[in-house]
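Residue-level listing of the chains:
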Amino acid sequence: MISNILLTAFRSLTKNKFFSALNILGLAIGMAVFLLIAQYVKFETSYEDFIKGNENIYRVKLETYLNNELLVSSAENYPGVGPALTDELPEVTGYARLYNLGYKNNVIITNDDAVPEPIAFKHRHFLYADSSFLPMMGYEMLLGNAETVLSDPNTCVISEKYARMYFGNEDPLGKSLRMQDDDYNNELVKVTGVFRDLPPNTHLKYDVLFSYKTLFGRGDWAPGRYDQSWQRKDMYTFISVRPGTDPRVLESKFPGIVSKFKPDQAERNQRDVLSLQLLPDIHLTSRLAEEPEPNGDQRIVKFLSIIGIFVLIIAWINYINLSTAKAMERAREVGVRKVMGAFKGQLISQFLMESAVVNLLSLLIALGLIAVTMPYFNSISGLSLTIDYLLQTWFLILCGILWIVGTLLSGFYPALVLSSFKPVTILKGKLKNSISGILLRKTLVVIQFTASVALIAGTFIVYQQLDFMMGRDIGMNIDQVMVVERPGITPLDRNSFNSAIDVFRNEVKKDPSISAVSASVTIPGKQREYKAVIKRYGAPDDQSLTVRFNSMDYEFMDVFKMKLVAGRLFSEEYVADQDTSVLVTESAARMMGFEKPEDAIGQTIAIAAFRWNPIIVGVVNDYHQVSLKNALDPTVFYFTQYGGEFYSFRMNSNDLTQSIEHVREAWIKAFPGNPFEYFFLDDYFNQQYENEKQFGRLFTTFASFAVIVGCLGLFGLSAYTATQRTKEIGIRKVLGSSESKIFLLLSSEYIKLVMLAIIIAMPLIYFGMNNWISSFPYQTKISLWIFLVSGSMVLIVSLMTVTFQTLRAARTNPVNALRHE
């Protein structure tokens, strides 16, 4: 019986090759889009899932308030937090601290013993870690014991990739590596372990771990500074808790611990708030200062999930529409089967089997499409998926569920309609399309194109917001600005290093195409938070405000093209500027209570954290240190000629290759042994919008597929309608109707449906995307043209889709249509 059902199903498919192909292609595209998005969503939500017991591991977050105003919300914490929580709270079973020196400093790690010459690499993924870190996270060790490899000072573990890079095929255990950074640290450590390269789905991407106790060797002050201190907040702190611990209940005990270790906060109107972030949730939900890497965006994952479901539903609607529309052609088959004794259940099984075959063929084609398009998908999503991902257990299970659910959802209603026909009515030729069936098909078409219009309009809005942020003046000119980070290998005495900086500056400026060189402690786009609390000298504490800090030298303004609003700049004529003077931005002056920028000149401010009371000598325009996803911060500039961590060059040449080579030669001359790496500041700054760019690319791609799938269904439906109305068209032509009138008659029905879809989509997309835009401090306005263009695009594509079939029907010779009447 099953073989007979299958044979009948295949005969039905091959009998209607055109409509079967439309059904299978539409479903295949819809499934492929859904499964690709599922791969993206699975990856983004799988961070840290390879760590056993991750449901009991938390990162401790720190929020600092002054006068009940949030100063900073940071992923980093005080060194003493982990030990204190473990000692004071029985629910906490352990802690591990990480010191992210690789993110903050320019670090060079060298194998001095390599032959024929030392092997050196600049490191960003470099951390100091407590000995408890590796056992807590359960990372796989290839060499060494995770429990003991970081127990002693001056020891380290490295990834298998870097073991090959530094030592080739030699056994790395017991060999030495030297770390040097731009803070004049120079540490020789022994390799005690090698760990397996970390998977990409982790927010902690590192290649080298130095033992935390190595930090204690930096002087007599170091153990207190790095072990039990509650002063400087620059450690990632992870804690493990007992299974079943309620994190909210645990957090309620934190204020008492903070008060115990920081009892003077109330006197200073300051408040530290500790809270917990579950380890697997960090990637998609955390937006803190000092994150080890840019995190993902939970909103993007949700939006793409909705798009995937939309496209799949559109594909299923196509199948339902075409299947129910062609029900009339199969009515005689149903009538004969019922007369021969077939039960309704048997007929439903027959048509569900056809749906199963169509969905299975579509699924197989969808998997082929995924394999072919995976390189393109990787390029727009930022992932690195391979064919192996299609063989993962969860993905195969999802494919099975998709096939079963697709078979039932897309096949059950057509099967119910077809099996409900009465044989007497069918065989007398009196069966007609029901009004309810026609109304359902029209409703489904409207739903399809409502989703299509919404997706296209959403794409326009995403790009409009992105262009608005990227095109807005940030307060300085970062085009044609090349940046080189401060060298990691520096002379042991500061005077020698300062002399090397002078040599470098002088050599670089011999190129006339480089108009200015500046060194600063940070650059636009750098996420690191340099903030402090200031107030006017003598003002009460409740008039304090939080500002960003940046350094400025004599050529800073020439490189970044900022404007002096009032007062003067730092000048060689004022030798005391380094010790006594600052510049502030307009917003900083305004927030301190100065009505005009000129009023701030000559006024003294108090910076308690630095125990410094400098004088304001100038006011410059406001600028954005980070992207426009964040509100503008007031800024204070202090002077330093040699303390900058980034060297920026104003390039005024179209021949950048020659200028870059000139800078490289000057670098090698001034800082021998340091790798030369550079980047352009506009590219660096715009990397902050990578999540939004990625969202836009994915949104555009999948919205396009949604329209394609919808149009495939409309094409098939219009073709079938034209076929059903062949005799009507013939009679109209005999009675004198023109081709244009017949064309309007056939196409107007679909145009009305698409217009209705546009009207429904407009308020839906407005409220949906307005909610997304409202999360940005600087927002574009959702313009009417977006809906007009989106609607017009769908209308034009729909019209083009039905035009071929309607014109073909309108031009049919009426003799051919009526010859049998």
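The coordinates are above.
Residues numbered from 1 in each chain as written. Predicted model: local features only at pLDDT ≥ 70, side-chain atom pairs only at ≥ 80, totals over all residues. Heavy atoms only, no water.

Asker: Got a minute to help me understand the overall build of the chain in this structure?
Answerer: Of the regular secondary structure elements, the chain holds 28 helices and 24 strands. Relative to its 821 residues, the chain shows a buried fraction of 54%. Sequence separation of 24 or more characterises 80% of the internal contacts of the chain that already satisfy a separation of 6 or more. Carbon together with sulfur atoms contributes 57% to the accessible area of the chain, which is approximately 36400 Å² in total. (Helix = DSSP H or I, 4+ residues; strand = E, 2+ residues; numbered from the N terminus. Buried < 20%, exposed > 50% of the residue type's maximum accessible area, 1.4 Å probe, protein only. Contact = heavy atoms within 4.5 Å. Areas by Shrake-Rupley, 256 points an atom, 1.4 Å probe, with all protein chains shown as cover.)

Asker: Would you mind showing me how to read the side chain of Q464 here?
Answerer: Topologically, Q464 is positioned in helix α16 (residues 435–471). Here Q464 falls in the buried class, since its relative accessible area comes to 16%. Excluding residues that lie within four positions of it along the chain, Q464 makes contacts with T780, K781, I782, S783, W785 and I786.

Asker: Explain the sheet that holds strand β23 (residues 646–651) here, please?
Answerer: Strands belonging to one sheet form pairs held by backbone hydrogen bonds; the direction of such a pair is parallel or antiparallel. Across the sheet, four strands lie side by side as β15-β23-β14-β24; this open sheet has antiparallel pairing. At either end of the open sheet lies a strand with only one pairing partner, and these are β15 (514–520) and β24 (678–680). Strand-to-strand, the axes of this sheet are offset by a mean angle of 25°, without reference to chain direction. As paired strands, strand β14 (residues 481–485) and β23 are joined by five bridges and run antiparallel to one another. Directly across from V483, in β23, lies its bridge partner S648. (Pairing = 2+ DSSP bridges. Axes fitted to C-alpha atoms, helices over the stretch in contact; angles between N-to-C directions.)

Asker: I would appreciate a short explanation of unusual backbone geometry in the present structure.
Answerer: Excluding glycine, residues mostly have negative phi values, and the peptide bonds linking residues are mostly trans. A positive phi angle, near 65°, is found at E48, a position not held by glycine. Tracing the backbone shows E48 in the loop between α2 (17–44) and β1 (57–66). If you check the backbone angles, N154 has positive phi at about 60° while not being a glycine. We classify N154 as partly exposed; its relative accessible area is 35%.

Asker: Teacher, can you tell me more about the sheet that holds strand β16 (residues 531–536) here?
Answerer: Spatially, β18-β21-β19-β22-β17-β16-β20 is the arrangement adopted by the seven strands of the open sheet, whose pairing is mixed. Of all the strands in the sheet, the pair left with one neighbour each is β18 (564–567) and β20 (605–607). In this sheet, neighbouring strand axes are inclined to one another by 40° on average, regardless of whether the strands run parallel or antiparallel. For β18 and strand β21 (residues 615–620), the ladder comprises three bridges, and the chain directions are antiparallel. Along β21, the bridge assignment pairs A566 with V619.

Asker: Just checking my understanding: could you explain helix α22 (residues 656–670) for this structure?
Answerer: Helical periodicity: at 3.6 residues per turn, an α-helix aligns residues three or four positions apart in one direction. Between the first and last C-alpha of α22 there are 21 Å, a value that for 15 residues agrees with the 21 Å anticipated at 1.5 Å per step. Along α22, the residues that are buried comprise S659, I660, H662, V663, A666, W667 and A670. Relative to the axis of α22, the buried residues are bounded by an arc of 155° and lie together on one face. The exposed set on the far side of α22, more than 90 degrees from its buried face, consists of T657, Q658 and K669. At its buried positions, α22 is contacted by β14, α17 (494–508), β15, β23 and β24. (Expected span 1.5 Å × (residues − 1). Arc of directions from axis to C-beta.)

Asker: Looking at this structure, how should I read the packing of aromatic side chains?
Answerer: Where two aromatic rings form a pair, the distance of their centres and the angle of their planes describe that pair. A full pass over the atoms with the stated rule returns 43 aromatic pairs. Relative to F639, the ring of Y554 has its centre 4.7 Å away and its plane inclined at 40°; by these criteria the two rings are tilted. In this pair, Y554 sits in the loop between β17 (545–552) and α18 (556–560) while F639 sits in strand β22 (residues 635–639), placing the two residues 85 residues apart along the sequence. Taken together, the ring pairs connect F497, F504, Y647, F649, W667, F671, F676, Y678 and F680 into an aromatic cluster. Over the aromatic face of F776 sits the side chain of R299, whose NZ or CZ is 5.6 Å from the ring centroid. Its end group placed over the ring of Y574, R568 keeps NZ or CZ at 3.6 Å from the ring centre. (Phe/Tyr/Trp six-rings, centres within 6.5 Å; stacked < 30°, edge-to-face > 60°. Lys NZ or Arg CZ within 6 Å of the ring centre and 35° of its normal.)

Asker: Which parts of the structure should I look at to understand the packing of helix α3 (residues 81–88) against helix α9 (residues 254–261)?
Answerer: Two packed helices can be described by the angle between their axes and the distance between those axes. It is at 11 Å that the axes of α3 and α9 come closest, and there the two elements cross at 120°. Accordingly, the angle class assigned to the pair α3 and α9 is oblique. Crossing handedness for the pair α3 and α9: right-handed. Of α9, the residues touching α3 (which contributes A84, L85 and E88) are F254, I257, K260 and F261. Across the contact of α3 with α9, the residue classes break down as five nonpolar, no polar and two charged. (Parallel < 35°, antiparallel > 145°, perpendicular 65-115°, else oblique. Left-handed = near helix turned anticlockwise from the far one by under 90°. Nonpolar A, V, L, I, M, F, W, Y, C, P; charged D, E, K, R; others polar.)

Asker: What's the story with the nonpolar core in this structure? I'm lost.
Answerer: A general trend in soluble globular proteins is that nonpolar side chains are found buried together. Counting 95 residues, the largest nonpolar core has L35, Y40, L304 and M562 as its most contacted members. The dominant element in this core, judged by the number of residues it contributes, is α2, at 16 residues. When near neighbours in sequence (up to four residues on either side) are disregarded, L304 contacts I37, Y40, F695, L698 and F702. Within the second largest apolar cluster, 26 residues are counted, among which are I57, Y139, Y206 and I282. (Core = buried A, V, L, I, M, F, W, Y, C linked by side-chain atoms within 4.5 Å.)

Asker: What's the story with the environment of S74 in this structure? I'm lost.
Answerer: Residue placement: S74 occurs in strand β2 (residues 69–74). Leaving out residues up to four positions away in the same chain, S74 has contacts with K61, L62, L288, A289 and E290. Of note is the side chain of S74, whose polar atom sits 2.9 Å from the backbone nitrogen of E76. (Polar contact = N/O pair within 3.5 Å; in protein donor to acceptor, adjacent residues only side chain to side chain.)

Asker: In this structure, what is going on with the pattern of salt bridges? I would like to understand it.
Answerer: Charged atoms that come close allow side chains of opposite charge to pair. Evaluated as defined, the whole model comprises 27 salt bridges. A salt bridge links K669 to E507; the shortest N-O distance between them is 3.0 Å. Placement of the pair is K669 in helix α22 and E507 in helix α17, with a sequence separation of 162 residues. For E507, a relative accessible area of 16% translates into the label buried. Close ionic contact of E692 with K629 constitutes a salt bridge, the shortest N to O distance being 3.2 Å. Residue E692 is found in helix α24 (residues 690–724), and its partner K629 is found in the loop between β21 and β22; the two are separated by 63 residues along the sequence. Taking relative accessible area as the criterion, E692 reaches 3% and is therefore assigned buried. One connected set of salt bridges, linked through shared partners, spans E140, E160, R164 and R196. (Salt bridge = Lys/Arg side-chain N within 4 Å of Asp/Glu carboxyl O.)

Keep in mind these values describe shape, not function.
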